[in-house]
Amino acid sequence: MPIPDDAASITAAGVRQLFARRSLHVPGTRLGSIAFPPPTSARSHWHYWWQAHFLDCLLDEHLRTSGAGEGGGAGDGTGALPEARKLARGIWLRNGGRWRNSYYDDMAWLALALQRLDAVEGRRRPRRRVRILGAALRSAHTAELGGGVYWNTTRDYKNTPSTAPAAVFFARAGETARAQDLLDWLRDRLFDEDSGLFLDGIKADGRVDRGLHTYNQGTVLGALVEVGGADNLSAAADLVGAIAREVADDDGVLPLAAGGDAGLFTGILARYLAGAAVAGIGPAASATARRLLDATAHHLWDGRRTAGGTLVLPPVQDGPVSLSSQLQAWMVLEARSRAGSTGTAGD
């Protein structure tokens with residue numbers, strides 16, 4: 001069945017209806033409840049980094065519906081931009097009036113979303129919150145283990161989940177040399193020649209965690225595209241091919257989780273596949289990225305159902321519907337819209 005043109009808008013509205021609440025009941029703020037129905041102890045559950053992706057989704061919606069570019073300059077047709085501003089305030093409030101936490105990957109996600117919010121608003125200089133998070137990421141980029149960014153403030157593990165999004169942030173901030181250093185470290189220390197994919201991380205004693213996760217491939221792909229240059233774009237094309245070969249199923253559908261942190265992973269990959277598809281990585285790799293997004297979006301849309309009278313998309317586990325899984329679906333549909341459909345998966 002064809003996916004309707006307004007599928008991303010329908011999904012966005014559903015997520016906002018089911019999950020968006022005031023942060024600590026304070027007017028003028030938003031925060032995403034982690035599940036629907038919300039847990040009875042919702043005050044103690046909120047997941048800082050999930051909120052960063054909620055913010056990114058609202059910015060995706062704003063850019064799609066308003067005709068604005070990342071540099072701003074257009075109105076907001078759906079109210080997504082005011083909601084994004086409220087969510088940013090809500091995150092700060094729920095985090096105890098601070099922007100930082102103990103995990104550099106979490107801070108990288110929020111730094112990226114707030115950096116995009118600055119760009120959408122047309123700010124020439126990053127706001128203080130972006131500068132605070134950027135300084136935290138710089139402090140975690142050290143010479144130990146040859147480079148890379150620490151995972152958390154314990155500083156005993158450097159990994160792709162922190163290093164790759166930090167590289168995207170630095171590239172967008174104009175710190176191209178630092179971003180390239182991080183890409184070089186990832187290639188030297190965590191690239192798996194057999195699969196063409198990137199491993200999870202390296203411990204202080206030099207042991208490598210060989211876990212392969214979808215979101216890590218996405219953020220490395222995003223960093224390669226953001227830094228640019230012939231070598232990086234060629235590597236990005238190769239990575240898209242490896243994702244299609246090693247990660248997607250025989251129908252081109254990317255793996256999807258129903259909840260927890262993993263519920264966001266493929267949504268993150270989808271966001272950066274869309275960026276790669278429109279970034280000059282070559283017609284064959286761009287077409288592959290679009291096919292992956294098409295197939296995954298059709299799988300999600302074909303499995304839709306309702307919860308609380310509102311549309312939700314699979315996979316949905318028994319019991320409460322996870323915010324992470326619905327943000328993932330939203331990201332996939334926004335990514336498909338941004339990249340442009342191939343018109344071949346189920347249409």
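In every chain, residue numbers begin from 1 and rise along the written sequence. Given that this is a predicted model, residues contribute local features only at a pLDDT of at least 70 and side-chain atom pairs are listed and counted only at 80 or more, while totals for whole chains, interfaces and linings are drawn from all residues. The basis for every side-chain value is the complete set of heavy atoms in the structure, and neither hydrogens nor water enter the calculation.

*Asks:* Teacher, can you tell me more about the overall build of the protein chain here?
*Replies:* The helix and strand labels rest on DSSP assignments: H or I over at least four residues marks a helix, E over at least two residues marks a strand, and numbering proceeds from the N terminus. Each helix and strand in the protein chain was counted, giving 12 helices and 11 strands. Projected onto the principal axes, the alpha-carbon positions of the protein chain cover approximately 50 × 50 × 40 Å. Burial status across the protein chain gives 56% buried among its 347 residues. A total accessible area of about 13800 Å² is found for the protein chain, and carbon and sulfur atoms account for 49% of it. Here the term buried applies to any residue with accessible area under 20% of the maximum for its type, exposed to any over 50%, and partly exposed to those in between, with areas from a 1.4 Å probe on protein chains only. The accessible surface values rely on the Shrake-Rupley method and a 1.4 Å probe; as for residues, cover is taken only from the protein chains in view.

*Asks:* I tried to follow the nonpolar core on my own but got confused; where do I start?
*Replies:* L110, L114, L273, I281 and L327 are the most contacted members of the largest nonpolar core, which totals 115 residues. Here this core gets 11 residues from one element, more than from any other, and that element is helix 4 (residues 104-120). Not counting chain neighbours up to four residues away, the residues in contact with L110 comprise Y48, A52, L55, I91, W99 and L133. Take the buried Ala, Val, Leu, Ile, Met, Phe, Trp, Tyr and Cys residues and link them wherever side-chain atoms come within 4.5 Å; each set so joined is a nonpolar core. Note on contacts: a residue pair is in contact if any heavy atoms of the two residues lie within 4.5 Å.

*Asks:* Can you help me understand the packing of helix 11 (residues 283-302) against helix 12 (residues 323-339) in this one?
*Replies:* For any two helices packed against each other, the geometry comes down to the angle between their axes and how far apart the axes lie. Note on method: axes are straight lines fitted to C-alpha atoms, helices fitted across the in-contact stretch only, with angles between N-to-C directions ranging 0 to 180 degrees. In the contact formed by helix 11 and helix 12, the axes pass within 9 Å of each other and the chain directions differ by 135 degrees. Accordingly, the angle class assigned to the pair helix 11 and helix 12 is oblique. When you trace helix 11 past helix 12, the crossing you get is left-handed. For the pair helix 11 and helix 12, the contacting residues are R290, L293, D294, T296, A297, H298, L300 and W301 in the first and A329, V332, L333, A335, R336 and A339 in the second. Broken down by class, the residue content of the contact of helix 11 with helix 12 amounts to 9 nonpolar, 2 polar and 3 charged. Angles are sorted into four bins: roughly parallel if under 35 degrees, roughly antiparallel if over 145, roughly perpendicular if 65 to 115, and oblique for all others. Helix crossings fall into two classes, left-handed where the near helix is turned counterclockwise from the far one by less than a right angle and right-handed where it is turned clockwise. Any residue that is not Ala, Val, Leu, Ile, Met, Phe, Trp, Tyr, Cys, Pro, Asp, Glu, Lys or Arg is counted as polar, Gly included; the first ten are nonpolar and the last four charged.

*Asks:* What is the right way to read the packing of aromatic side chains from this model?
*Replies:* The geometry of two aromatic rings is summed up by the distance between their centres and the angle between their planes. Two aromatic rings from Phe, Tyr or Trp, using only the six-membered ring of Trp, form a pair when their centres are within 6.5 Å; if the ring planes differ by under 30 degrees the pair is stacked, by over 60 it is edge-to-face, and anything between is tilted. In the structure shown here, the tally under the stated rule is 9 aromatic pairs. Considering the side-chain rings of W109 and Y215, the 6.4 Å spacing of their centres and the 25 degrees angle between planes classify their relative orientation as stacked. Placement of the pair is W109 in helix 4 and Y215 in helix 8 (residues 214-227), with a sequence separation of 106 residues. Owing to a relative accessible area of 3%, W109 belongs among the buried residues under this scheme.

*Asks:* Would you explain the sheet that holds strand 7 (residues 201-203) in this entry?
*Replies:* Strand order in the open sheet formed by 3 strands is 4-7-8, and the pairing between neighbours is antiparallel. Of all the strands in the sheet, just strand 4 (157-159) and strand 8 (208-209) have a single pairing partner and so form its edges. One bridge is not enough; two strands pair if DSSP finds at least two bridges between them. As defined by bridge partners, strand 4 adjoins strand 7 across 3 bridges and the pair is classed as antiparallel. Within strand 7, the residue paired with N159 across the bridge is G201. Against the sheet, helix 7 (residues 176-190) touches strand 4, strand 7 and strand 8, its axis set at about 70 degrees to strand 7.

*Asks:* Help me understand unusual backbone geometry in this model?
*Replies:* Keep in mind that most residues, glycine aside, have a negative phi and that most peptide bonds are trans. In this model, F36 is joined to P37 through a cis peptide bond whose omega is -10 degrees. Locating P37 in the fold gives a position in the loop between strand 3 (35-36) and helix 2 (48-66). At H25, a residue that is not glycine, the phi angle is positive and equals roughly 65 degrees. With respect to the element layout, H25 can be found in the loop between strand 1 (20-21) and strand 2 (31-32). Overall, H25 belongs to the exposed group, its relative accessible area being 68%.

*Asks:* How should the pattern of salt bridges be read in this particular structure?
*Replies:* Between side chains of opposite charge, pairing is possible as soon as their charged atoms come close. The term salt bridge refers to a side-chain nitrogen of Lys or Arg lying within 4 Å of a carboxyl oxygen of Asp or Glu. Per the counting criterion, the structure on display carries 18 salt bridges. The salt bridge involving R123 is made with D118; its shortest N-O contact spans 3.9 Å. Overall, R123 belongs to the partly exposed group, its relative accessible area being 41%. You can call D118 buried: its relative accessible area is 4%.

*Asks:* How do you make sense of helix 7 when you look at a structure like this?
*Replies:* Quick reminder: α-helices carry 3.6 residues per turn. Residues three or four places apart thus point the same way. Given the number of residues in a helix, its expected span is that number minus one, multiplied by 1.5 Å. The terminal C-alpha atoms of helix 7, which comprises 15 residues, lie 20 Å apart, in line with the 21 Å expected from a rise of 1.5 Å per residue. The complete set of buried residues in helix 7 reads A179, L182, L183, W185, L186 and L190. Down the axis of helix 7, the buried side of the element spans an arc of 155 degrees, and every buried residue falls inside it. Summarising the geometry of helix 7, the exposed residues directed more than 90 degrees from the buried face are A177 and D188. By arc we mean the arc of the directions from the helix axis to the C-beta atoms, nothing more.

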